[in-house]
Amino acid sequence: MSATLVAKSLTGGHAHRILFNSLDLTVAAGDVIGVVGVNGAGKSTLLRVLAGLDEPQAGSVSLAPTDAFVGFLPQEHERIVGECIAAYIGRRTGCTEATAAMDAAAIALGNTAPPAPGNVEHAPDPAEVYSAAFDHWMACGAADLDDRLPAVLADLGLSLGDYVPDNSAREQSTLSADSLMTSLSGGQAARVGLAALLLSRFDIALLDEPTNDLDLDGLERLETFVRGLRGGVVLVSHDREFLARSVTKVLELDLAQGSNRLFGGGYDSFLEERAVAKRHARENYEEFADKKADLIGRAQTQREWSSQGVRNAMKKAPDNDKIRRKASAESSEKQAQKVRQMESRIARLDEVEEPRKEWQLEFTIGSAPRSSSVVSTLSAVVIHQGVFTLGPVSLQVNAGERIGITGPNGAGKSTLLRALLGRHKPDEGQASLGSSVSIGEIDQARAVLAGSTALADSFENQVPELTSGEVRTLLAKFGLKADHVLRPVDDLSPGERTRAGLALLQARGVNLLVLDEPTNHLDLAAIEQLEEALDFYTGTLLLVTHDRRMLENVTLDRHWHVENGTVTEQ
């Protein structure tokens, strides 16, 4: 079905805080609109409003036709206890809900009794309700979902017998469509989420951070899928390469300026056009400010001249010199008239607001004294986890080396990191960590700061040498203000937890920095600031990422590729 979603004069936010207003957006078939903005600008809120899950504070959202199927996939994979992969996909694709609606309509149709004579009911015709439910059931793909599911799972490497090592210590098992979602690793859950998207048949798709935790193969599949959709798409992503390859338009939610703007063209075109627009806005303001300052200065000078002329005339003109008094008065009036003219010109100036300075994440990575020359060594290391085996691996990490680590989900990257950091004892071979190694880490699960403890307290426990005031000041520099620091860490958004982890890196001195998918949940400006901070970091770096632009932008000495438990240097 060809559908169109139209948002008019939309305002959205939380309680009394407005995140965006007067937003107009039309999503038609073939549109792929990328929504960008800093964390907290309202991107997820906008998607929820477009999906009809949240009410806008003002404005409206309409669909044509009204029965178009809008699918919303949130950024975090909601895992319900007891829900298996197949049930999860049924829920995410809307097929389970459509099946329940059709079954209920069929029961109602079967139980319909003929109306009593003379009793005219205005309730919906059960036959029409069933017909609409059946049409929706067919359109969303519920009829053949069970047939399509195994092939898609197998194509993504999630068929029976597949195994992906998990970071937790829970019992490992093979995967199937009946495997519980709560037993999956982040990478596995990401691939199941991708499977749900590939199996969906939305008329309008609203995707919130669909690239999170996907490996390069998954990213390419996602790009191909999005580009091939016949319906409209609105997506939020911080993956710059994905945006560059996928979107046809960019909607920027500018929190600093309190504005929103739709840019035609792709992502790279948006970057160029936005840079030009910001430069012009600054130039226009500076031109206005210079002109206003000049007129104010000239008016002030005219006032001073007028006042000085009057004083001089009073000193020089005797009381009975009417001619000189008249000339002085006329001269004074002329100066006053010039002052009024200047003030009138100032009043007629078109006011240009000064562009507000955007909040930027500015930080450095704290340094520790140099470690031993050899940071970590693996000698013929083999690690068995269920049916999965890493190794044998022989590697050495030297002080100051910057190593990029890539590979598909489930290849063993996290297991390799644990072995290098001395957190997993090998089943065979030897692993050793050098002396004076101070580790700083952003792990994929963002588990360094976690739990029900308030953020401020959890942070202080990690850096007891800092006072409470110093902790709050530091967190504020990372955009975590009073309403964040008193909340339990687990209640923070993924982006907020990531920024808290970056703040911890600045507070603690490190000489071995381990970043496992650090760009997940960071906004574009923060990712660029992280890349800049890495340029000035002089310690040892282990960087695991699927962010293709980060791999290009960050200087690396070595590149390890992990696949099927084998590590190769490229």
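Residues numbered from 1 in each chain as written. Predicted model: local features only at pLDDT ≥ 70, side-chain atom pairs only at ≥ 80, totals over all residues. Heavy atoms only, no water.

The chain is annotated in an unreviewed UniProt entry as ATPase subunit of ABC transporter with duplicated ATPase domains from Alpinimonas psychrophila.

Examined against the element boundaries, Ser376 turns out to sit in strand β10 (residues 374–385). Within the structure, Ser376 has its side chain in polar contact with the backbone oxygen of Leu420 (distance 2.7 Å). Once you skip the residues sitting within four places of it in the chain, Ser376 turns out to touch Leu395, Gln396, Val397, Leu420, Ser432, Leu433 and Gly434. (Helix = DSSP H or I, 4+ residues; strand = E, 2+ residues; numbered from the N terminus. Polar contact = N/O pair within 3.5 Å; in protein donor to acceptor, adjacent residues only side chain to side chain. Contact = heavy atoms within 4.5 Å.)

Let us look at the pattern of salt bridges. Applying the stated criterion across every chain, the model contains 21 salt bridges. Across the pair Arg201 and Asp144 runs a salt bridge whose closest N-O atoms are separated by 3.5 Å. Here the residue Arg201 occupies a position in the loop between α6 (186–199) and β6 (204–208), and Asp144 occupies one in the loop between α4 (126–139) and α5 (145–155), the gap between them amounting to 57 residues. Of the charged contacts, one joins Glu252 and Arg274 as a salt bridge, the two residues approaching to 3.2 Å between their closest N and O atoms. Of this pair, Glu252 sits in strand β8 (residues 249–254) while Arg274 sits in helix α9 (residues 267–316), and the two are 22 residues apart along the sequence. Given the relative accessible area of 24%, Arg274 is considered partly exposed. Connected through salt bridges with shared partners, the residues Glu223, Asp239, Glu241, Arg245, Asp268, Arg548 and Arg549 form a single ionic network. (Salt bridge = Lys/Arg side-chain N within 4 Å of Asp/Glu carboxyl O. Buried < 20%, exposed > 50% of the residue type's maximum accessible area, 1.4 Å probe, protein only.)

Turning our attention to the environment of Ala15. The topology assignment puts Ala15 in the loop between β1 (4–14) and β2 (17–27). Its relative accessible area of 69% is what places Ala15 among the exposed residues. Here the alpha-carbon distance between Ala15 and Gln57, two residues 42 residues apart in the chain, equals 9.2 Å.

A sheet is described by the order of its strands in space; here three strands give the open sequence β2-β1-β4, paired in antiparallel fashion. Edge positions in the sheet fall to β2 and β4 (58–64), since each of these pairs with one other strand and no more. Direction aside, neighbouring strands of the sheet carry axes that sit 15° apart on average. Sheet analysis places β1 next to β4, joined by six bridges and oriented antiparallel. Pairing of Thr4 across the sheet is with Ala64, part of β4. (Pairing = 2+ DSSP bridges. Axes fitted to C-alpha atoms, helices over the stretch in contact; angles between N-to-C directions.)

With that settled, the discussion passes to empty space enclosed by the protein. Counted by the stated rule, this structure contains five cavities of 30 Å³ or more. When the residues that make up the lining of the second largest cavity are grouped by side-chain class, the tally is two nonpolar, seven polar and five charged. (1 Å grid on protein atoms, 1.4 Å probe; cavity = no way out; pocket = protein on both sides within 12 Å on 5 of 7 lines; lining within 4 Å. Points joined across faces, edges and corners; volume = space filled by probe spheres on them. Nonpolar A, V, L, I, M, F, W, Y, C, P; charged D, E, K, R; others polar.)

Turning our eyes to something else, we now look at the environment of Ala281. Relative to the helices and strands, Ala281 resides in helix α9. Under the relative-accessibility criterion, Ala281 is labelled partly exposed at 31%. Sequence separation between Ala281 and Val352 is 71 residues, and the spatial gap between their C-alpha atoms is 8.9 Å.

Looking now at the packing of helix α12 (residues 455–462) against helix α15 (residues 494–507). At a minimum axis separation of 11 Å, α12 and α15 run at an interaxial angle of 30°. For the element pair α12 / α15, the angle class is roughly parallel. The interaxial crossing formed by α12 with α15 has right-handed handedness. Packed against α12, whose contacting residues are Leu455, Phe459 and Gln462, the element α15 presents Ala500, Ala503, Leu504 and Ala507 at the interface. Of the residues in the contact of α12 with α15, the class split is six nonpolar, one polar and no charged. (Parallel < 35°, antiparallel > 145°, perpendicular 65-115°, else oblique. Left-handed = near helix turned anticlockwise from the far one by under 90°.)

Working definition: an aromatic ring pair is given by the centre-to-centre distance plus the angle between the planes. Applying the stated criterion across every chain, the model contains five aromatic pairs. Summarising the aromatic geometry, the rings of Phe134 and Trp137 are spaced 5.8 Å apart at their centres and angled 35° between planes, so their arrangement reads as tilted. Linking Phe134 with Trp137, this pair stays in helix α4, spanning three residues, or about one helical turn. Residue Phe134 is classed as partly exposed on the basis of its relative accessible area of 32%. By relative accessible area, Trp137 is classed as buried at 17%. Clustering of aromatic rings is evident, with ring pairs tying together Tyr130, Phe134 and Trp137. (Phe/Tyr/Trp six-rings, centres within 6.5 Å; stacked < 30°, edge-to-face > 60°.)

Once that is clear, we can look at the sheet that holds strand β11 (residues 388–398). Here we have three strands laid out as an open sheet, ordered β11-β10-β13, and antiparallel in their pairing. Among the strands making up the open sheet, the edge pair consists of β11 and β13 (428–433). Put simply, the sheet's adjacent strands are angled 20° from each other on average, direction ignored. Pairing of β10 with β13, which is carried by five bridges, proceeds in the antiparallel orientation. Its bridge partner lying in β13, Val382 is registered against Glu428. Contacts from helix α11 (residues 413–420) reach β10, β11 and β13 within the one sheet, and its direction differs from that of β10 by about 130°.

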